[in-house]
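# Structural description and commentary
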Amino acid sequence: MTEDAAGERLRRWRLVLGGDTADGTGHALSGQDAAIDDALTALYGKDDTPTRGRERAGGLGASAPSVARWLGDIRTYFPTSVVQVMQRDAIDRLGLGTLLLEPEMLEAVEADVHLVGTLLSLTKAMPETTRETARQVVRKVVEDLERRLATRTRATLTGAVDRSARVRRPRHHDIDWNRTVAANLRHYLPEHGTVVPERLVGHGRASRSVKKEVVLCVDQSGSMASSVVYASVFGAVLASMRAVATRLVVFDTEVVDLTERLDDPVDVLFATRLGGGTDINRALAYCQSRITRPADTVVVLISDLYEGGIRDEMLKRVAAIKASGAQFVSLLALSDEGAPAYDREHAAALAALGAPAFACTPDLFPEVMAAAIEKRPLPIPDAGAAGPDSPL
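Predicted, not measured: the structure shown is a model, and the values here were computed from it.

## A closer look at the pattern of salt bridges
Scanning all chains against the criterion turns up 19 salt bridges. Salt bridges linked by common partners bring Lys212, Glu213, Arg293 and Asp296 together as one network.

## Focus: the side chain of Thr259
With respect to the secondary-structure elements, Thr259 resides in the loop between strand E9 (255-257) and helix H10 (265-271). Here Leu248 takes part through its backbone nitrogen, which lies 3.2 Å from a polar atom of the side chain of Thr259. Looking at Thr259, its side chain comes within polar contact range of the side chain of Asp257, at 2.5 Å. Once residues lying within four places of it in the same chain are set aside, the contact partners of Thr259 are Thr246, Arg247 and Leu248.

## Comments concerning helix H2 (residues 31-44)
Here H2 contains 14 residues, and its C-alpha end-to-end distance of 20 Å stays within 8% of the 20 Å for a straight helix at 1.5 Å per residue. When you tally the buried positions in H2, you get ten out of 14 residues, the bulk of the element. Listed in full, the buried residues belonging to H2 are Asp33, Ala34, Ile36, Asp37, Asp38, Ala39, Leu40, Thr41, Ala42 and Leu43.

## Some remarks on unusual backbone geometry
Both trends apply: most residues other than glycine have a negative phi, and most peptide bonds are in trans. Although it is not a glycine, Leu305 adopts a positive phi angle of roughly 70 degrees. Turning to its location among the elements, Leu305 is positioned in the loop between strand E10 (297-302) and helix H12 (311-323). One non-glycine residue, Lys375, lies in the positive phi region at around 60 degrees. Within the secondary structure, Lys375 is located in the segment after helix H14 (365-373). Take Lys375: its relative accessible area is 46%, and that puts it in the partly exposed class.

## What to know about the packing of helix H6 (residues 113-121) against helix H7 (residues 128-164)
At a minimum axis distance of 10 Å, the contact between H6 and H7 shows a crossing angle of 140 degrees. Taken together, the axis directions place H6 and H7 in an arrangement best described as oblique. The handedness of the crossing between H6 and H7 is left-handed. Contact with H6, carried on its side by Val113, Leu115, Val116 and Leu119, involves Ala134, Val137, Val138, Val141 and Leu145 of H7 and no other residues of that element.

## Brief notes about a nonpolar patch on the surface
Taken together, Trp13, Val16 and Leu17 make up a surface patch of nonpolar side chains, about 310 Å² in accessible area. The topology assignment puts Trp13 in helix H1 (residues 3-17).

## Points about the nonpolar core
By size, the foremost hydrophobic cluster in this structure holds 81 residues, and its most contacted members are Trp70, Leu119, Val300 and Phe365. Listed in part, the 25 residues of the second largest apolar core include Cys287, Met314, Ile321 and Ala349.

## Thoughts on the pairing of strand E12 (residues 357-360)
Of the two faces of E12, the one holding Ala357 and Ala359 and the one holding Phe358 and Cys360 are both buried throughout. The pairing of strand E11 (residues 327-334) with E12 spans four bridges and is parallel. When the bridges of E12 are listed, Leu331 appears paired with Phe358. In terms of handedness, the path from E11 via helix H13 (residues 344-352) over to E12 forms a crossover that is right-handed.

## Focus on the packing of aromatic side chains
All chains considered together, the criterion is met by one aromatic pair. Consider the rings of Phe234 and Phe365, whose centres lie 4.5 Å apart with planes at 45 degrees: the pair is tilted. One end of the pair, Phe234, is in helix H9 (residues 225-239); the other, Phe365, is in helix H14, with 131 residues separating them in the sequence. The buried category is assigned to Phe365, whose relative accessible area is 1%. It is Arg135 that lies over the ring of Phe270; its NZ or CZ is 5.0 Å from the centre.

## Let's talk about the sheet that holds E9
Pairing in this open sheet of six strands is mixed, and the strands run E9-E8-E7-E10-E11-E12 from one edge to the other. Both outer strands of the open sheet, E9 and E12, are each paired with one neighbouring strand and no more. The average angle at which neighbouring strand axes cross in this sheet is 25 degrees, direction not considered. Bridge analysis of strand E7 (residues 212-219) against E10 gives six bridges, and the strand direction is parallel. Across the sheet, the residue bridging to Val214 is Val298, located in E10.

## Remarks on the packing of H6 against H9
Relative orientation of the contacting elements H6 and H9 amounts to 105 degrees, with a least axis distance of 8 Å. Overall, the two elements H6 and H9 adopt an arrangement that is roughly perpendicular. Of H9, the residues touching H6 (which contributes Val113, His114, Val116, Gly117 and Leu120) are Ala225, Ser226, Val229 and Tyr230. In terms of residue class, the contact of H6 with H9 is made up of six nonpolar, three polar and no charged.

## So, the environment of Ile321
Mapped onto the elements, Ile321 comes out in helix H12. By relative accessible area, which is 1% here, Ile321 ends up buried. It is 9.0 Å that separates the C-alpha atoms of Ile321 and Ile291, two residues lying 30 residues apart in sequence. Here Ile321 is in contact with Leu284, Gln288, Ile291, Val299, Ala326 and Phe328, once residues within four sequence places are set aside.

What counts and what doesn't
Residues numbered from 1 in each chain as written. Predicted model: local features only at pLDDT ≥ 70, side-chain atom pairs only at ≥ 80, totals over all residues. Heavy atoms only, no water. Salt bridge = Lys/Arg side-chain N within 4 Å of Asp/Glu carboxyl O. Helix = DSSP H or I, 4+ residues; strand = E, 2+ residues; numbered from the N terminus. Polar contact = N/O pair within 3.5 Å; in protein donor to acceptor, adjacent residues only side chain to side chain. Contact = heavy atoms within 4.5 Å. Expected span 1.5 Å × (residues − 1). Buried < 20%, exposed > 50% of the residue type's maximum accessible area, 1.4 Å probe, protein only. Axes fitted to C-alpha atoms, helices over the stretch in contact; angles between N-to-C directions. Parallel < 35°, antiparallel > 145°, perpendicular 65-115°, else oblique. Left-handed = near helix turned anticlockwise from the far one by under 90°. Patch = residues over 30% accessible without salt bridge, like charges linked within 9 Å, V, L, I, M, F, W, Y side chains within 5 Å. Areas by Shrake-Rupley, 256 points an atom, 1.4 Å probe, with all protein chains shown as cover. Core = buried A, V, L, I, M, F, W, Y, C linked by side-chain atoms within 4.5 Å. Pairing = 2+ DSSP bridges. Right-handed = clockwise from strand over helix to strand, strands pointing away. Phe/Tyr/Trp six-rings, centres within 6.5 Å; stacked < 30°, edge-to-face > 60°. Lys NZ or Arg CZ within 6 Å of the ring centre and 35° of its normal. Nonpolar A, V, L, I, M, F, W, Y, C, P; charged D, E, K, R; others polar.

Here is the structure:
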């Protein structure tokens, strides 16, 4: 190993280990490396960690300006993905939730879905001077998500709605040629090398005559914060499609219908109330009462299934919704956060009813909805549906 390579290796280990006397590197930091070390120690350091010849206590202090300076430092030294991880750690490790109420800190923060969830949980305590800044932060995240998810969602679901509505006498532009050929293969004329179709299969004109109904029933307990953010964005995207009538219902121990706010997902998010209890049965009862065309309806329950209401009634409600002809989808989470915590007993009970529960990423959600609309098997991730022995 060359001397330069050995020095770089020691430098990296020194930054990782934090400079305790027992770290064994014997490597001193200066310049930008020392500043990076300060930023890391403020979050992860110990109270007795010395640096650059002085005692430094871990922590960011009690004022928003010091936090804002720290946020500016880490954005200078680290890529966005690392900044977001460090921000979440700062909120968890150092109790920075209350400092998120300060406008100058919000202006410095690297906004992401997790920060939005934190802000939404603090809206009641947020002073008026901060509320508009918080809305700007939330709107930035929501607009970024819409840009990433909207086009593919609309294309996937429009195709699914079209395919789910076949017509016997389609216009020329509405003919589904793949299905038409498949349905008429027995009329193949080998001498001409062609199929003479006796029956045409066509797509319905979803935007004019075909209407599917989607009910998003979203648990707004504190553990579901990221799922609430994504569900609000998807709800707004679905509501923008003329072929789909979308209803958004959020619940804890109370049930709130936010359908009228779906033209602006930011309004939806600020109307939620993260952190309450959970009454899934009550929420499903409300959703069930709003179903008018069960054969054309998809109900999507997004919840970790920790039911605070009546368990047996909840399961009967799911069975009744499915028996009516509606499609029922149960998502343990709608986020990129990986395997969620959930009630395994309730998940197994839903699976026994033919409604397997699984975690869904935002990128997979359009495919899940398309399969539900077309009444196909759901594209459950490789980890499988949640049940009593599931690894999820």
